[in-house]
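# A look at the structure
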Amino acid sequence: MGFFDGALGATQTLATAFWIGSSAGFAFVAAPIIAHEANDLDLQARITGKSLDKIVNVAYVAGGITIACAALQAMGPTERPNDAVRALFGAGALAALALFQNDIVPKMTELQQA
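An account of the accompanying structure is given in this report. (Residues numbered from 1 in each chain as written. Predicted model: local features only at pLDDT ≥ 70, side-chain atom pairs only at ≥ 80, totals over all residues. Heavy atoms only, no water.)

### A short note on helix H2 (residues 41–73)
When the terminal C-alpha atoms of H2 are compared, their 46 Å separation across 33 residues agrees well with the 48 Å that a helix rising 1.5 Å per residue should span. If you check which residues of H2 are buried, you get Gln44, Leu52, Ile55, Val56, Ala59, Ala62, Gly63, Thr66, Cys69, Ala70 and Gln73. Capping the start of H2 is the job of one residue whose side-chain oxygen sits 3.3 Å from the backbone nitrogen of Asp42: Asp40. (Helix = DSSP H or I, 4+ residues; strand = E, 2+ residues; numbered from the N terminus. Expected span 1.5 Å × (residues − 1). Buried < 20%, exposed > 50% of the residue type's maximum accessible area, 1.4 Å probe, protein only. Polar contact = N/O pair within 3.5 Å; in protein donor to acceptor, adjacent residues only side chain to side chain.)

The structure is reproduced here in structure tokens:
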């Protein structure tokens with residue numbers, strides 16, 4: 001399972017990097033630019049809401065890939081506990097993301113429309 005395990009590890013690393021990179025890119029690059037350039041608060045809210053929606057969708061795909069790779073790697077006996085823990089952490093992160101998307105973002109939008 002050597003090559004397959006290496007390929008899964010590389011795929012998992014790329015998916016996790018893409019997931020974290022898209023979030024960090026928004027938080028540290030896009031959000032400050034939006035706040036600085038868009039003087040209208042409604043425009044800022046619309047841009048931020050649409051951006052967060054796209055980032056959440058990217059995170060679902062990347063997180064699913066990460067969990068699948070960790071679960072497949074956990075089938076091998078060598079690193080089973082570590083891979084299982086990685087899969088559980090990925091599932092926990094996606095659960096938190098679902099809460100954010102379904103609970104927090106609608107409340108933010110509702111407050112902005114008031």
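### Let's talk about the environment of Ala30
Turning to its location among the elements, Ala30 is positioned in helix H1 (residues 2–37). On the basis of relative accessibility, which here comes to 27%, the residue Ala30 falls in the partly exposed class. For the pair Ala30 and Ile47, spaced 17 residues apart in sequence, the C-alpha separation works out to 9.8 Å.

### Topic: the nonpolar core
Among the nonpolar cores identified, the biggest contains 7 residues, and these are Ala15, Trp19, Val56, Ala59, Ala62, Leu94 and Leu97. Sorting the residues of this core by element identifies H1, H2 and helix H3 (80–113) as the ones contributing at least two each. Looking at this core element by element, the count peaks at 3 residues for H2. With residues up to four places along the chain from it excluded, the contact list for Ala59 reads Trp19, Gly64, Leu94 and Leu97. (Core = buried A, V, L, I, M, F, W, Y, C linked by side-chain atoms within 4.5 Å. Contact = heavy atoms within 4.5 Å.)

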